[in-house]
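Observations on chain architecture
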Amino acid sequence: MNLDHILNKEELSKEEIVFLLSPGNEEKDEKLFKRADEVRLKYCGNDVHLRGIIELSNFCEQNCIYCGLREENKELTRYRMKPEEIIETAHTIRKLGIFTIVLQSGEDHYFDTDMIAYVIYQIKQKVDVAITLSLGERGLDEYRAWRISGADRYLLKHETANSKLYSIYHNQQRFEDRLEHLKFLKSVGYQIGSGNMIGLPLQTLEDIADDILLCKELELDMAAFGPFIPSPYTPYQNKQAGSVDLTLRTMAIARIVLKRVHIPATTALATLDEDGRIKGLNAGANIVMPDLTPSPYREQYQIYPDRKCIDENPLNCKGCLQLQIESIGRKISESRGDSLKMKDKIEL
Ligand code: SAH
């Protein structure tokens, strides 16, 4: 296959994506990352959008095979933030000059429809921010209610587009249901984010190519690709972590294939590689999602161990990121960073 030809094509086939994902050729990777960076500049400019994450509960009713929050992990100290604490934290994040709040948790029905609606409404009343929900799979009526109370976006990673693997990783749950949820979220007006994990046991390069193609089919507003990190007290605790390089290749290809989409340099990538964030931003990413959950909760949200910056004071986070981002000639955005697809529509 001719690399230069492939990198300049409008559409990539699955075979071409697999070729680009394949390891072992530094020169190929350099060209791939350079092309992704050009596409990123064309569609996103030099702005990097920050999304401040509040992890409001680490209780979870699911048993995802890779995740440290899984219900069967009895070693984890569980917590729930109080609604007023969440609202207060959202305020603090906005005061730092961050315009998107991500409310994330395990699947925890203690936070019922009304409680989440209340939190969304209160935050929106007091501060001008976009709200992303990342609360797992919930009821369709709940998604609709939260959209009405002011939520803008929903992040629900598909994790893998291989339905057999999906069931293995997710305690026999169905991939088709995940897709239905994503489609429903889009239909009620959410900007939707999804994506996969790189390097889970049994996953092949063909699977990752399918993941990227699924992101295209779903017309995602954000696509997130993070490496798998083995987590203690899970069935996958002794498995190998995903590869940083393969994750970077996936992000770069996704940028080239999906074009007008937000792509984060994930915390998982930064956890496996000291320079992961910068490498990600140089391989197609335009988003960073710092964890701004207050202590002592942040230490207890252990989806995987040794998360990047977990011992840092969230209040210092923006300054630190700013230095890193400016060091590569980029800048922190001063807007909400809504869907690039929406911007397109407004301009037309
Ligand atoms: N419960 C919510 C969100 C919380 S977990 C949901 O299901 O959407 C957020 C993300 O962390 C998951 O989507 C998954 O992609 C990632 N994650 C979980 N365990 C992980 C691990 N061991 N290594 C890397 N990423 C992991």
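The structure this text deals with has already been given above.
Residues numbered from 1 in each chain as written. Predicted model: local features only at pLDDT ≥ 70, side-chain atom pairs only at ≥ 80, totals over all residues. Heavy atoms only, no water.

1. A word on the site of the ligand
Worth spelling out the cut-off: Any residue with a heavy atom lying within 4 Å of a molecule or strand is counted as near it. Within 3.5 Å is the distance limit for a polar contact, defined as a pair of N or O atoms, with the added protein rule that one can donate a hydrogen and the other accept it, and that residues adjacent in sequence qualify only through two side-chain atoms. Accessible surface area values rest on a Shrake-Rupley calculation with a 1.4 Å probe, where residue burial reflects the displayed protein chains alone. Throughout, the ten residues Ala, Val, Leu, Ile, Met, Phe, Trp, Tyr, Cys and Pro are labelled nonpolar, Asp, Glu, Lys and Arg are labelled charged, and all others, Gly among them, are labelled polar.
Contacts to the ligand come from 18 residues, most closely from Tyr-66, Ser-105, Lys-157, Glu-159 and Ile-229. Tyr-66 places a main-chain nitrogen or oxygen 3.0 Å from a nitrogen atom of the ligand. In the environment of the ligand, a nitrogen atom lies 2.7 Å from a nitrogen or oxygen atom belonging to the backbone of Ile-229. When the ligand is considered free in solution it has 550 Å² of accessible area, and contact with the protein chains removes 90% of it. Within the shell around the ligand, the residues separate by chemical class into 10 nonpolar, five polar and three charged.

2. Thoughts on the sheet that holds strand S10 (residues 331-332)
Heads up, the rule is: Paired strands are those between which DSSP finds at least two bridges. What counts as a helix is a DSSP run of H or I of at least four residues, what counts as a strand is a run of E of at least two, and both are numbered from the N terminus.
Ordered in space as S8-S9-S1-S10, the four strands form an open sheet in which the pairing is parallel. Where the open sheet ends on each side, the last strands, each with one partner, are strand S8 (264-265) and S10. The pairing of S8 with strand S9 (residues 287-288) spans two bridges and is parallel. The residue bridging Pro-264 from the neighbouring strand is Ile-287, located in S9.

3. Description of a negative patch on the surface
Rule in force here: Here, patches come from residues exposed beyond 30% relative accessible area and free of salt bridges, joined within 9 Å for like charges and within 5 Å for nonpolar side chains (Val, Leu, Ile, Met, Phe, Trp, Tyr). In what follows, salt bridge is the name for a side-chain nitrogen of Lys or Arg lying within 4 Å of a carboxyl oxygen of Asp or Glu. None of His or the chain ends enter the tally, which takes Lys and Arg as positive and Asp and Glu as negative. To locate a charge, the coordinates of NZ of Lys, CZ of Arg, CG of Asp or CD of Glu are taken.
Together, Glu-26, Glu-27, Glu-30 and Asp-245 make up a region of like negative charge exposed at the surface. Among the elements that make up the negative patch, the one with the highest residue count is helix H3 (residues 26-44) (three residues). Relative to the helices and strands, Glu-26 is located in helix H3.

4. What to know about helix H4 (residues 83-95)
Quick note on the threshold: Here a helix's expected span is defined as the number of its residues, less one, multiplied by 1.5 Å. In this scheme, a residue with accessible area under 20% of its type's maximum is buried, one over 50% is exposed, and one in between is partly exposed, where area comes from a 1.4 Å probe on protein chains only. This arc is built from the directions going out from the helix axis to the C-beta atoms. Contact definition: two residues touch when any of their heavy atoms are within 4.5 Å.
The end-to-end C-alpha distance of H4, which contains 13 residues, comes to 19 Å, matching closely the 18 Å that a straight helix rising 1.5 Å per residue would cover. Those residues of H4 that sit buried are Ile-86, Ile-87, Thr-89, Ala-90 and Ile-93. Looking straight down H4, one finds that the buried residues subtend no more than 160 degrees of arc, so they occupy a single side. Set apart from the buried face of H4 by more than 90 degrees, the exposed residues are Glu-88 and Lys-95. Residues of H4 that are buried in the fold lie against strand S2 (52-57), strand S3 (100-105) and helix H5 (113-126).

5. What about the packing of H5 against helix H6 (residues 140-148)?
The test is simple: A fitted line through C-alpha atoms serves as each axis, taken over the contacting stretch for helices, and the angle formed by two N-to-C directions is quoted from 0 to 180°. Orientation is classified from the angle alone, with under 35 degrees giving roughly parallel, over 145 giving roughly antiparallel, 65 to 115 giving roughly perpendicular, and any other angle giving oblique. Here is the rule for handedness: rotate from the far helix to the near one, and if that takes an anticlockwise turn smaller than a right angle the crossing is left-handed, while a clockwise turn gives right-handed.
Viewed as axis vectors pointing N to C, H5 and H6 meet at an angle of 20 degrees, and their least axial separation amounts to 9 Å. For the element pair H5 / H6, the angle class is roughly parallel. For the pair H5 and H6, the sense of crossing is right-handed. Between H5, through Thr-113, Ile-116, Ala-117 and Ile-120, and H6, the contact on the second element is made entirely by Glu-142, Ala-145 and Trp-146. Its residues assigned to classes, the contact of H5 with H6 shows five nonpolar, one polar and one charged.

6. So, the pattern of salt bridges
Summed over all chains, the structure comprises 25 salt bridges. Close ionic contact of Asp-47 with Lys-331 constitutes a salt bridge, the shortest N to O distance being 2.6 Å. Here Asp-47 is found in strand S1 (residues 47-50), whereas its partner Lys-331 is found in strand S10, with 284 residues between them in sequence. We classify Asp-47 as partly exposed; its relative accessible area is 23%. Close ionic contact of Arg-178 with Glu-159 constitutes a salt bridge, the shortest N to O distance being 3.8 Å. Here Arg-178 is found in helix H8 (residues 175-187), whereas its partner Glu-159 is found in the loop between strand S5 (153-155) and helix H7 (163-169), with 19 residues between them in sequence. Note on Glu-159: relative accessible area 9%, which makes it buried.

7. A short note on the sheet that holds S5
Strand order across the open sheet formed by six strands is S2-S3-S4-S5-S6-S7, with parallel pairing between neighbours. In this open sheet, the two strands that pair with only one neighbour each are S2 and strand S7 (222-227). Strand after strand, the sheet turns through a mean of 20 degrees between neighbouring axes, direction not considered. Judged from the five bridges that link them, S3 and strand S4 (residues 130-134) form a sheet pairing that is parallel. Bridge assignment links Leu-103 to a residue of S4, and that residue is Leu-133. Lying over the sheet, helix H10 (residues 244-258) contacts strand S6 (191-198) and S7, oriented at roughly 165 degrees with respect to S7.

8. A short note on the pairing of S4
As a reminder of what qualifies: A crossover counts as right-handed when, viewed with the strands pointing away from the observer, the path leading from the first strand over the helix to the second turns clockwise.
Within S4, five of the five residues are buried, leaving the element largely enclosed by the surrounding structure. The parallel pair S3 and S4, bridged by H5, forms a crossover whose chirality is right-handed. For S4 and S5, the ladder comprises two bridges, and the chain directions are parallel. Bridge pairing in S5 places Leu-133 opposite Tyr-154. After leaving S4, the chain enters H6 and then returns to the sheet as S5, a path that is right-handed.

9. Comments concerning the nonpolar core
Test applied: Joining through side-chain atoms within 4.5 Å is the link that ties buried Ala, Val, Leu, Ile, Met, Phe, Trp, Tyr and Cys residues into a set, and such a set is a nonpolar core.
Formed by 100 residues in total, the largest nonpolar core has its most connected members in Tyr-66, Leu-103, Leu-133 and Trp-146. In terms of residues, this core owes the most to one element, H10, which gives 10 residues. Leaving out residues up to four positions away in the same chain, Leu-103 has contacts with Ile-54, Leu-56, Ile-86, Val-119, Ile-123, Ile-131, Thr-132, Leu-133, Ser-134 and Leu-135. In terms of nonpolar packing, the next biggest core, distinct from the first, is built from seven residues, Leu-155, Met-222, Ala-224 and Ile-287 among them.

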